[in-house]
Amino acid sequence: MAVLFKTLVSKSLNLRTHLTPSFTRLQIRSMATSDIKKIQIQRDDIKFDAYVVGKDDAPGIVVIQEWWGVDFEIKNHARKISQLDPGYKALIPDLYRGKVGLDVAEAQHLMDGLDWQGAVKDIQASVNWLKANGSQKVGVTGYCMGGALTIASSVLVPGIDAGVAFYGVPPPELADPANTKVPIQAHFGELDNFVGFSDVKAAKALEEKLKASGKPYEVHVYPGVAHAFMNTSPEGIERRKGMGMNDDNEAAAELAWSRFQSWMNRYLCLIMEHPGVAELRPSKAAPAIHVRVLRSWVPDYRDNELHFLLVDQEGLGIQVVTKDNDCTNVRSRLQIQGCYEIKCYACVKVDDFTAVITHPAMIRLGTASVITPIADTEELPTQYFEFASRRKMELEAQKEKGIVDFIGVYLKIEDKTSKADRPFVVLTLRDSSNQDMTIALWKQIATSSHRFNRRSIEMATSPAIVTFTSLQVKKTNTVMFSCLQLQSTNATYVYLNPQHVEAVLLKEMWQKQEPHHPTSQSVPDNDVPISDLLQLQPTEITGKTYTIKAAVTEIEATKDWYYTACPKCNQSILPADTEWFCTKDGMLKKANTMYKIITTVTDYTGGIQAVIFDRAGRQLLGMTCEELTAKENPVETLHSIIGKQAYMGIELQHDKKTHALKCIVNKVSFPVANSTEQVSSSLTGTIQTPHPTTPAQKPNSGTTAKRQLEFHDSNQPPKKHGKGALTD
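Thresholds, definitions, all that
Residues numbered from 1 in each chain as written. Predicted model: local features only at pLDDT ≥ 70, side-chain atom pairs only at ≥ 80, totals over all residues. Heavy atoms only, no water. Axes fitted to C-alpha atoms, helices over the stretch in contact; angles between N-to-C directions. Helix = DSSP H or I, 4+ residues; strand = E, 2+ residues; numbered from the N terminus. Parallel < 35°, antiparallel > 145°, perpendicular 65-115°, else oblique. Left-handed = near helix turned anticlockwise from the far one by under 90°. Contact = heavy atoms within 4.5 Å. Pairing = 2+ DSSP bridges. Phe/Tyr/Trp six-rings, centres within 6.5 Å; stacked < 30°, edge-to-face > 60°. Lys NZ or Arg CZ within 6 Å of the ring centre and 35° of its normal. pLDDT = per-residue confidence, 0-100. Expected span 1.5 Å × (residues − 1). Buried < 20%, exposed > 50% of the residue type's maximum accessible area, 1.4 Å probe, protein only. 1 Å grid on protein atoms, 1.4 Å probe; cavity = no way out; pocket = protein on both sides within 12 Å on 5 of 7 lines; lining within 4 Å. Points joined across faces, edges and corners; volume = space filled by probe spheres on them. Nonpolar A, V, L, I, M, F, W, Y, C, P; charged D, E, K, R; others polar. Right-handed = clockwise from strand over helix to strand, strands pointing away.

A. How the structure looks around the packing of helix H9 (residues 250-269) against helix H14 (residues 501-511). The geometry of H9 relative to H14 is characterised by a closest axis approach of 10 Å and an angle of 170° between their N-to-C directions. One finds that H9 runs roughly antiparallel with respect to H14. At the point where H9 passes H14, the crossing takes the right-handed sense. Counted together, Ala251, Glu254, Leu255, Ser258 and Arg259 of H9 and Val501, Glu502, Leu505 and Met509 of H14 form the full contact between these two elements.

This is the structure we're talking about:
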């Protein structure tokens, strides 16, 4: 493990040897300690120090350190955990026996010397101490090195009830996550480049392992953040910057904390009076359960079946299937939002074609099932969602019928018609990664008032948060791009402003958006193909602006991509010793750094040389030029715009030297994906959370004709699965 991590540090991050802040060892050890009590814990024939904070009789959480040791940041985390509602007792075992790393070299040395099997024993002893001192249930969490140990503990340490790991995966020689014995939630940053340990590829591999375990799991990847993104204290931010991590996204950390709280509350705080659905497995025991009915539907191509979604006291969902003559009987006994005790049923294997959630079993009900109404209770949740990140959508799109739930801020709604004259409704929303997605609702859902209340959404106060359940996601490939596409299924329900932490955070992020962040503006209907622009004469372009829908396909490496500018007039400025000289505004004390990126932009008809200036550069990259130049490897970030499709507001210039046209890109807006029979789309490039777009279709004639939405209705009937025809 230490060898793996050492390789990652030296090769993946190229970290600086010393921290930017000049903390002393005493400062590091004394920070954030006023309300944290030091204790000693016995294991085998030795004692080790640990630190405890929180209520004596609260559920316990073992908090495992990063490679720095028990420093200010891990104590900050423990304190925050202890204060999360309804209250926890957080315990930090000191795996380094009092030593703390002040810089990367020291931290590396300390971790190289760690006895990993001994660390697991320390965690076991910490779990035992918490249970012996008032905590009925105990969870484990950790960060970086501690994240890897958290997952290892879920395999190797008995007595743990749940785990939450942050940006760390253990090597197989320590523990195989497929053998985890408890529910696991894991968090990773999209920009994390600890290859094989906490990068996106490692996160995907962990997700597959956890899926194989059969235990409840969640894996979340946060756009735009790197390793250790939970370290948001001023000292932690300064230390991350000293290591070349300049991302600063407090909203991502808050979202991760909210998910952490929900997960630990679910598995540590709720004492179940009745068995829940978490342990139900195909062909195994089927105990009496107390549940609420949330949704019902007839699956696509299965009109002889009726399905329901149930939720238990823990907030876990499970899908119910009834068939043939049992459908009418069961429908009459289960009402939406009704609460019931259900007995006399069977647990069956999941039907991948009809499944809309990730539980490893389905419940089969019939006429003989015992369904007894019970009093409505707040202990049974009134909603259940499995929201998918862009990365999760990519995985689901690989399946024959991938299904996801989606949440976003409502932007607009439109009525459309397919080529086969099928009416549908398209909603455009912005998700938590500040990207737009369109969702098509077919007539069956769009005209069902109990599934979709259009007027309420249109009249809602902004920002209105809308959630969609059971959307089908597909990926299609065009000449230049791969596209994600979302559309309703028979199981889709639409909810406005749900009482959910994701909705709260979306509203906060919407209200805090910075002006230079990528935004999606009104989509122009008259974007002009580049091939048409190239036919224009110099006399035809003077004083005119155009909109193109294109992507950057090349950046000229031999040209500077920024210039120093006058802060008053934005013109180029010249250095003059310690000052700057502007030919218009004279001597100045400072200069601004602004984008001037020489590129080639291309659409489906051809390419043109383009100069991307500062405003457009900020919109494409999501940061100012000064922020980018401060990065350790700015050129790598600069090249992330390659393949990123956008609407570009341009002016054309005639190059007198080459006698060719070139364009000046002054502003950028990201496309709202058009919908087709496979519906909404999102551009996928080298990053994992792509910007949404649908490649433009070439108009039949002219350059300003308004484009009609394309559809691909097939004359061939779809492949059927089981009996029955499509219920539409």
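B. Quick look at the sheet that holds strand E26 (residues 586-588). Taken in spatial order, the 3 strands line up as E24-E25-E26 in an open sheet, and their pairing is antiparallel. Edge positions in the sheet fall to strand E24 (574-576) and E26, since each has one partner strand and no second. The sheet shows a mean angle of 35° between the axes of neighbouring strands, direction not considered. Across 3 bridges, E24 lies against strand E25 (residues 579-582) in antiparallel orientation. Across the sheet, Pro575 pairs through a bridge with Trp580, a residue of E25.

C. Up close: unusual backbone geometry. Looking along the chain, the bond that leaves Asp85 and enters Pro86 is cis, with omega of 10°. Following the sequence through the fold, Pro86 ends up in the loop between helix H3 (72-83) and strand E4 (89-93). With a phi close to 65°, Ser283 is a non-glycine residue in the positive phi region. Along the polypeptide, Ser283 turns up in the loop between H9 and strand E9 (289-297).

D. How the structure looks around the pairing of strand E30 (residues 660-669). The pairing of strand E28 (residues 606-613) with E30 spans 4 bridges and is classified as parallel. Opposite Ile612, over in E30, you have Val665 as the bridge partner. Sheet analysis places strand E29 (residues 645-655) next to E30, joined by 9 bridges and oriented antiparallel. Residue pairing for E30: Asp655 is matched across the bridge by Ala660. Here E29 folds back onto E30 in antiparallel fashion, the turn holding 4 residues, of which His659 has a positive phi close to 60°.

E. Broad picture of the packing of aromatic side chains. Summed over the entire model, instances satisfying the criterion amount to 18 aromatic pairs. Counting every residue linked through ring pairs, the aromatic cluster contains Tyr143, Phe166, Tyr167, Tyr222, Phe229, Trp257 and Phe260. The aromatic ring of Tyr51 is capped on one face by Lys75, whose charged end is 4.8 Å from the ring centroid. One residue, Lys401, lies across the ring of Phe353, its end atom 4.7 Å from the ring centre.

F. Representation of the confidence of the model for the protein within the structure. Across the protein, the average pLDDT comes to 82, with 83% of residues at or above 70. Confidence over residues 6-32 falls short of pLDDT 50; this stretch has 66 contacts with residues more than four positions distant or in other chains. Note on residues 514-525: pLDDT under 50 across the span, and 34 contacts to partners over four residues away in sequence or across chains.

G. Seen up close, helix H6 (residues 145-156). Its 12 residues give H6 an end-to-end C-alpha distance of 16 Å, which sits within 8% of 16 Å, the value for a rise of 1.5 Å per residue. Burial runs high along H6: 11 of the 12 residues are buried. All buried positions along H6 are accounted for by Met145, Gly146, Gly147, Ala148, Leu149, Thr150, Ile151, Ala152, Ser153, Ser154 and Val155.

H. Up close: empty space enclosed by the protein. Counting across every chain of the model gives 4 cavities of 30 Å³ or more. As for the largest cavity, its lining consists of 14 residues, of which Glu66, Trp68, His227, Ala228 and Met243 are closest to the centre. No other element matches helix H8 (residues 234-242), which puts 3 residues into the lining of the largest cavity. Looking at the lining of the largest cavity residue by residue, the classes come out as 8 nonpolar, 3 polar and 3 charged. Within this model, the second largest cavity holds a volume of roughly 80 Å³. Together, Phe229, Asn231, Thr232, Ile237, Arg240, Lys241, Met245, Asn246, Asp247, Asp248, Asn249 and Glu250 line the second largest cavity. The dominant element in the lining of the second largest cavity, judged by the number of residues it contributes, is H8, at 3 residues. When grouped by side-chain class, the residues that make up the lining of the second largest cavity number 3 nonpolar, 4 polar and 5 charged.

I. How the structure looks around the sheet that holds strand E7 (residues 184-189). Within the open sheet, the 8 strands sit side by side as E1-E2-E4-E3-E5-E6-E7-E8. Their pairing is mixed. Taken across any chain shown, the strands that pair with only one partner, and hence form the sheet edges, are strand E1 (37-43) and strand E8 (217-222). Adjacent strand axes in the sheet meet at a mean angle of 20°, parallel and antiparallel pairs treated alike. Running over the sheet, helix H7 (residues 200-213) touches E7 and E8 and is turned about 170° from E8.

J. Structural context of the environment of Gly146. Mapped onto the secondary structure, Gly146 falls in helix H6. For the pair formed by Gly146 and Val169, sequence separation is 23 residues and the distance between their alpha carbons is 9.3 Å. Not counting residues within four places of it along the chain, the set of residues in contact with Gly146 comprises Ile64 and Gln65.

K. Representation of the environment of Tyr217 within the structure. With respect to the secondary-structure elements, Tyr217 resides in strand E8. Tyr217 sits in the partly exposed class, given a relative accessible area of 21%. Remark: the alpha-carbon pair of Tyr217 and Val182, spanning 35 residues in sequence, is separated by 8.8 Å.

L. Examining the environment of Phe194 more closely. You can see Phe194 is positioned in the loop between E7 and H7. Overall, the relative accessible area of 2% leaves Phe194 in the buried class.

M. Fine view of the pairing of strand E3 (residues 60-64). Among the 5 residues in E3, 5 count as buried, and that is most of the element. Examined bridge by bridge, E3 and strand E5 (residues 138-143) share 5 bridges and lie parallel to one another. Across the sheet, Ile61 pairs through a bridge with Gly139, a residue of E5. Here E3 pairs with E4 via 3 bridges, running parallel. Residue Ile61 lies in a different strand from E4, and its bridge partner there is Ala90. Crossover connection from E3 via H3 to parallel E4: handedness right-handed.

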